[in-house]
Amino acid sequence: MEEIAEELAKNQRAISVTEFFERNKHLLGFDNKQKALLICVKEAVDNSLDACEELGHIQERQKQPVTLPEITIEVKTTSDNYQLLDDKQNVAQMMVSRSTFTLLFQGKSQEKTIRGGKVSFEFGDVRFDVSDSNNKLSVLMNGKQLIIRKNAPIFLVRVLDNGPGILPSKIPDIFGRMLYGSKFQGMKQNRGQQGIGIHSAVLYAQLTTGKPVKVVSKIKSSKMAKMMKVEINIVKNEPIVVEEGEAEFPYESGTQVELEIEGLYVSGSKGLDEYVRRVALVNPHANIIYINPSGEKTVYKRILNRLPLEPVSIKPHPHGLELGIFTRILKNSTERSIVSALSSELSRVSRPIAEHVVKSVGIDYKTKPQDVTREEANAILKALQSLQLMKPQTDCLSPIGVEELEGSLKKQFSPEFSKAIQRKPEVYRGMPFQIEVAVAYGGKITSEKAMLMRYANKIPLLFDAASCALTQSFLSIDYTRYGIKVENKIPVLPAVFIIEITSVWVPYTNESKNAVASYPIIVKEIKLALQELIRNLSVFLSRKHRSAVFQERINLFEKYGIELAYYLSSLTGIEESKIKKKIAELLERRKDEIKMNVEQSLDTNEVVSDKVKSDISNGSEAEE
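Given the structure is predicted, the values throughout are model-derived calculations rather than measurements.

Caption draft 1: Highlighting the overall build of the protein. If you tally the helices and strands in the protein, you get 16 helices and 24 strands. When the 624 residues of the protein are sorted by exposure, 49% land in the buried category. A separation of at least 24 residues holds for 69% of the contacts in the protein among residues at least 6 apart in sequence. Of the roughly 31,000 Å² that the protein leaves accessible, carbon and sulfur atoms contribute 49%.

Shown next as structure tokens:
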């Protein structure tokens, strides 16, 4: 038996995080070509927007002129993509761009130009002979004919920004070492939070085309930009610099990222064009230039000349904090006593509160935080959570803003009605979060049913809607209580709804970051925000209906007023023109009276039923 154990032990080894995600790329969202193209664009754009905002906030603190974000997104088809098969078994991959052929075989790639309709590739003792005659491809592997199957095309994704740039020494690790970054070091709002994003795009490029990421970055103090081509050592999770040099750059500072990937470009609600439009909607301070694979250029000009609020790092809040995280905080604390550790490592825990809690659980004030047992830590945490502590600081969050949301909706949709609601910050698992909702009705919106746009930290969420707390909360509202028709739980009206969660750590359901987990407090806050929003929309719709009825009556009176004047003139002998004048005066007076009555009734919220009012006041619907 011991020999068997030794034999089995020979196959046991640790794998790197990169190797894990190479085998499980679906966990990162790369489970189809359409999502893959969008995710690669998304990760690069998220980094660019964060970098540009960080630059602007530093300039604000230093009293310098602020550089507002300008992001250029270009996606274009570069080559056809073929799979080479031997008896239905995948052998190699071949990419063709005009006269340039690239062959990917067993993780290695070669690029050659075809001459005379023929070109050959050699990988050790394996030889591929490719011929292209009259646009008909043929491939032999060591003399054996291979089956050629056309795959999704290859796209070049290029994202350029005017941010601060990246130090040349940091470029390899930022793009070539997974779980490397700064966004998960502190508790403040960022678009990225796991250190996986852009690395996953680089990994996907390697898997599908064998091409490294090309990074061109310039810092302000440099005359020229630094160019590097970087790939990831899958086994060691280490960067490999394939090529480096210098390059020109269009801005004083910034970064450009280029990836060649296998993907699929589609239009529609889950396509790349819609993603960019939604990014522009919640980033009104940025200029976004977008060139799609069809060569169409769209410019989303900024409507605000100021940056969003700068988020500040904070400490974890005891309410919602879990025991495992709390014990790790104590073990890693540099403070000398448990009282100092509690007051310095946690948000809203002052020294007097810390002393009171430690005394209540019977622990010596001078005990080192590392010496606190798990049972004692649990007692401390329970005691802290039983107190009515102040809510966590809100300056760690940078929400979109009510005015900003309404302004963006008006610009994109020219609606008849728009409204945004912002809830006060709340806490889940010790993490502050804030909910914003908005609606636009009518205008350029012509769809029969309402559309929901989901966002997390200003990132559009286009996939996995069914498993997302934002969608589930939206569908759980009983819109009929507000006089709005529904079909399959969706409001039947031409409207666009926005739900945004802002948090220092968004609870995504998986690493692909397409859906938010259904924590009860998050669901409750979304429902309360939606109730208030829909109440406002209901008031507008009632006003619109009453105005339409009123206008219909006026139109009828105006239509028959001429005939009435004629007959009255015939009966009374009074001049017809005088009667018409009196009718017009009466009509204007009635218009003002009816309009005032309508507005007064709306001011008293007569359009909202008693049941809805009670739900809103006590939050009963949100608790369901």
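Caption draft 2: Expanded view of the sheet that holds strand β8 (residues 144-145). Within the open sheet, the four strands sit side by side as β5-β6-β7-β8. Their pairing is antiparallel. Every other strand in the sheet has two partners, leaving β5 (118-123) and β8 as the edge strands with one partner each. Note that β5 and strand β6 (residues 126-133) share six bridges and pair antiparallel. From the neighbouring strand, Val119 faces β6, where its bridge partner is Val130.

Caption draft 3: Structural context of the pairing of strand β10 (residues 154-161). Burial within β10 is extensive, with eight of its eight residues counted as buried. Neither face of β10 is exposed, since Ile154, Leu156, Arg158 and Leu160 on one face and Phe155, Val157, Val159 and Asp161 on the opposite face are all buried. As paired elements, strand β1 (residues 70-86) and β10 share eight bridges and run antiparallel to each other. The residue bridging Ile73 from the neighbouring strand is Val159, located in β10. Two strands pair when backbone bridges link them, and β10 and strand β14 (residues 254-262) are joined in this way by eight bridges, in the antiparallel orientation. By the bridge assignment for β14, Leu156 is matched with Glu260.

Caption draft 4: Representation of the packing of aromatic side chains in the model. In total, this model carries eleven aromatic pairs according to the counting rule given. An aromatic cluster of three or more residues is present, and its members are Phe105, Phe123 and Phe128. A cation sits over an aromatic face here: Lys35 above Phe463, 5.2 Å from the ring centre.

Caption draft 5: Inspection of the packing of helix α6 (residues 272-281) against helix α11 (residues 402-413) at higher detail. Relative orientation of the contacting elements α6 and α11 amounts to 135°, with a least axis distance of 9 Å. Taken as axis vectors, α6 and α11 run oblique relative to one another. Residues Arg277, Ala280 and Leu281 of α6 form the contact with α11, whose participating residues are Ser408, Leu409, Gln412 and Phe413.

Each value, and the rule that gives it
Residues numbered from 1 in each chain as written. Predicted model: local features only at pLDDT ≥ 70, side-chain atom pairs only at ≥ 80, totals over all residues. Heavy atoms only, no water. Helix = DSSP H or I, 4+ residues; strand = E, 2+ residues; numbered from the N terminus. Buried < 20%, exposed > 50% of the residue type's maximum accessible area, 1.4 Å probe, protein only. Contact = heavy atoms within 4.5 Å. Areas by Shrake-Rupley, 256 points an atom, 1.4 Å probe, with all protein chains shown as cover. Pairing = 2+ DSSP bridges. Phe/Tyr/Trp six-rings, centres within 6.5 Å; stacked < 30°, edge-to-face > 60°. Lys NZ or Arg CZ within 6 Å of the ring centre and 35° of its normal. Axes fitted to C-alpha atoms, helices over the stretch in contact; angles between N-to-C directions. Parallel < 35°, antiparallel > 145°, perpendicular 65-115°, else oblique.

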